[in-house]
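Residues per chain are reported as follows:
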Amino acid sequence: MPLDVCVVGEINPDLILYGLPEQLKPEEESLINGFRLTLGSSSAIFAHNLSVLGTRVGMVSRIGADSLGTMCSDWLGNAGVDLTHVSTSSSGASTGLTVILAHPEHRFILTYPGTMSELSCADLNLDYIFSARHLHLSSYFLHKSLRPHIADLFREAKEKGLSTSLDTNDDPEGKWGNGLKNVLPFVDIFFPNEREATKIAGTDDLEEAIDKLSQVCRLVVVKLGLKGAIARNASGEWRRNGIRVKSVDSVGAGDSFDAGFIHRFLQGATPQECLEYGDIAGAYSTIREGGTEAFRDRAGLERFFREHLKTH
Ligand SMILES: Nc1ncnc2c1ncn2[C@@H]1O[C@H](COP(=O)(O)OP(=O)(O)OP(=O)(O)O)[C@@H](O)[C@H]1O
Ligand SMILES: [Mg+2]
């Protein structure tokens, strides 16, 4: 079956800890209310949820020869993601891991990159990648080895007729550069959140950031958490207010939004329709733990979309 979307990126689990004390004290044992070990990483959450929505997705990635890698492969495989181009590292590096301390008002995110820093040009089977209709890449700043080659990959994808999308997520080094400006001209849909948009555009003003970014990529879509999202290109602007839901956490809401948006984009939908689907997918992901637990409940997913496509 030909691929609709090829996702180049990282695969690792999230360990999410709930019910932490307000302040952690050194040397003292603190009890917490609960935890969830689940599929994490922006690229893998995007691939998983997009596949569940019914788009054919394959991943190009590297995992470690360990049980964390096997667990993630099982989750992705069960969602129907093609993993034929996910390799297992022979260097001894382990699959990465993200630990999230989920406080109600804020969260701390600790990532051990593991094999994610190893993913390199040598892992890119271009025939496989360009057999898809669309290329997506997430976590730009975490891909230390691959990063210098991402602009060429996107340029070639455009030459081969693919559409492209990029979600950088956070830059742990706080530099917001590293060649990103060479990639953006080859990005059809750029998916920053509010903070990322202003950091990358180099301004504190969101409107100015959206304006600047919409001049370098074809469509910029800024995710605004509870407030929804804004899309803008040279010919117009589209907005969508968020949906009120009872959220467990917002881990992976951005990646779920991206998945909903791209699912409809590849069906030829308008930017407003893509925003609507992205917003519903983002909100749905928050009603269960982590980025993909809600999407594993396919009946719940159908009900949620049916209800919100009608009433919002
Ligand atoms: N608590 C919430 N309730 C309803 N919808 C939400 C909530 N949080 C996020 N969303 C939806 O999901 C979208 C993406 O969420 P968010 O703005 O948190 O992205 P992000 O910062 O990229 O997330 P991530 O942490 O996955 O990188 C929002 O634009 C909105 O549509
Ligand atoms: Mg994000």
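Above: the structure in question.
Here's a quick rundown of the structure.

### Thoughts on the packing of helix α8 (residues 253–265) against helix α9 (residues 271–285)
Inference 1: Where α8 meets α9, the axes come as close as 7 Å, and the angle between the chain directions of the two elements is 145°. For α8 against α9, the interelement crossing comes out right-handed. Where α8 approaches α9, its residues A253, S256, F257, G260, F261, H263, R264 and F265 are matched on the opposing element by P271, E273, C274, L275, Y277, G278, D279, A281, G282 and S285.

### Focus on the pattern of salt bridges
Inference 1: All chains considered together, the criterion is met by 25 salt bridges.
Inference 2: Put simply, R36 and E289 hold a salt bridge, and the shortest N to O gap is 3.5 Å. Of the two residues, R36 sits in strand β3 (residues 34–40) while E289 sits in the loop between α9 and α10 (293–296), which places them 253 residues apart along the sequence.
Inference 3: Through salt bridges with shared partners, one network takes in E207, D211, R232, E237 and R239.

### Section: helix α1 (residues 42–53)
Inference 1: Counted at 1.5 Å a residue, the expected span for α1 with its twelve residues is 16 Å, and the 17 Å between its end C-alpha atoms agrees.
Inference 2: Burial within α1 is extensive, with twelve of its twelve residues counted as buried.
Inference 3: Three or more residues of α1 are buried, namely S42, S43, A44, I45, F46, A47, H48, N49, L50, S51, V52 and L53.
Inference 4: Looking one or two residues past α1, G54 carries a phi angle of roughly 115°, positive in sign.

### Concerning the site of ligand 1
Inference 1: The environment of ligand 1 is formed by 20 residues, the closest being R107, N193, G225, G228 and D279.
Inference 2: Between ligand 1 and R107 there is a distance of 2.7 Å, counted from an oxygen atom to a side-chain nitrogen or oxygen.
Inference 3: Within the contact set of ligand 1, a nitrogen atom lies 3.3 Å away from a side-chain nitrogen or oxygen of S247.
Inference 4: Protein coverage of the free-state accessible area of ligand 1, which is 630 Å², stands at 89%.
Inference 5: The set of elements that each furnish at least two residues to the shell around ligand 1 consists of α8 and α9.
Inference 6: Considering every element that reaches the shell around ligand 1, the biggest residue donor is α8, with four residues.
Inference 7: Residue classes in the shell around ligand 1 are distributed as seven nonpolar, nine polar and four charged.

### Details of the environment of E22
Inference 1: Position of E22 among the secondary structure elements: in the loop between β2 (12–18) and β3.
Inference 2: The class for E22 is exposed, based on a relative accessible area of 63%.
Inference 3: With 285 residues separating them in the primary sequence, E22 and E307 have C-alpha atoms 37 Å apart.

### Focus: the sheet that holds strand β7 (residues 107–112)
Inference 1: An order of β3-β2-β6-β7 is seen for the four strands of this open sheet, with the pairing classed as mixed. Edge positions in the sheet fall to β3 and β7, since each has one partner strand and no second. Each strand axis lies, on average, 15° off the axis of its neighbour in the sheet, ignoring direction.
Inference 2: Across five bridges, the pairing between β2 and strand β6 (residues 97–102) is parallel. If you follow D14 over to β6, its bridge partner there is T98.
Inference 3: Its contacts with the sheet put helix α2 (residues 67–78) on β2 and β3, and the angle it makes with β3 is roughly 70°.

### A look at helix α6 (residues 194–201)
Inference 1: Every buried residue of α6 is accounted for by E196, A197, T198, I200 and A201.
Inference 2: The elements touched by buried residues of α6 are β9 (163–167), α5 (180–183), β10 (189–190), α7 (206–216) and β11 (219–223).

### Details of the packing of aromatic side chains
Inference 1: Summed over all chains, the structure comprises eight aromatic pairs.
Inference 2: Residues Y284 and F295 carry aromatic rings whose centres are separated by 5.4 Å and whose planes lie at 70° to one another, so their mutual orientation is edge-to-face. Here F295 lies in helix α10 and Y284 lies in helix α9, a separation of eleven residues in the sequence. Here Y284 and F295 have matching classes, each one buried.
Inference 3: Ring centres 5.0 Å apart and planes at 45° place the aromatic pair Y284 and F304 in the tilted group. Taken together, the positions of Y284 in helix α9 and F304 in helix α11 (residues 298–311) put the pair 20 residues apart, joining distant regions of the chain. Grouping residues by exposure puts Y284 and F304 together as buried.
Inference 4: An aromatic cluster of at least three residues, connected via ring pairs, comprises Y140, F141 and W176.
Inference 5: In this structure, R264 packs its charged tip against the face of Y277, placed 5.8 Å from the ring centre.

### A word on the state of the cysteines
Linking two cysteines covalently via their sulfur atoms produces the bond known as a disulfide.
Inference 1: Under the counting rule described, the total for this entry stands at zero disulfides.
Inference 2: Just so you know, C6 is unpaired, no disulfide at all, and the nearest cysteine sulfur is the one on C121, 14 Å from it.
Inference 3: A relative accessible area of 0% means that C6 is categorised as buried.
Inference 4: Here C274 is not cross-linked by a disulfide; its sulfur's nearest cysteine counterpart is in C217, at 15 Å.

Rules of the game
- Residues numbered from 1 in each chain as written.
- Chains lettered and ligands numbered in written order.
- Predicted model: local features only at pLDDT ≥ 70, side-chain atom pairs only at ≥ 80, totals over all residues.
- Heavy atoms only, no water.
- Axes fitted to C-alpha atoms, helices over the stretch in contact; angles between N-to-C directions.
- Helix = DSSP H or I, 4+ residues; strand = E, 2+ residues; numbered from the N terminus.
- Left-handed = near helix turned anticlockwise from the far one by under 90°.
- Contact = heavy atoms within 4.5 Å.
- Salt bridge = Lys/Arg side-chain N within 4 Å of Asp/Glu carboxyl O.
- Expected span 1.5 Å × (residues − 1).
- Buried < 20%, exposed > 50% of the residue type's maximum accessible area, 1.4 Å probe, protein only.
- Near = heavy atom within 4 Å.
- Polar contact = N/O pair within 3.5 Å; in protein donor to acceptor, adjacent residues only side chain to side chain.
- Areas by Shrake-Rupley, 256 points an atom, 1.4 Å probe, with all protein chains shown as cover.
- Nonpolar A, V, L, I, M, F, W, Y, C, P; charged D, E, K, R; others polar.
- Pairing = 2+ DSSP bridges.
- Phe/Tyr/Trp six-rings, centres within 6.5 Å; stacked < 30°, edge-to-face > 60°.
- Lys NZ or Arg CZ within 6 Å of the ring centre and 35° of its normal.
- Disulfide = S-S within 2.5 Å.

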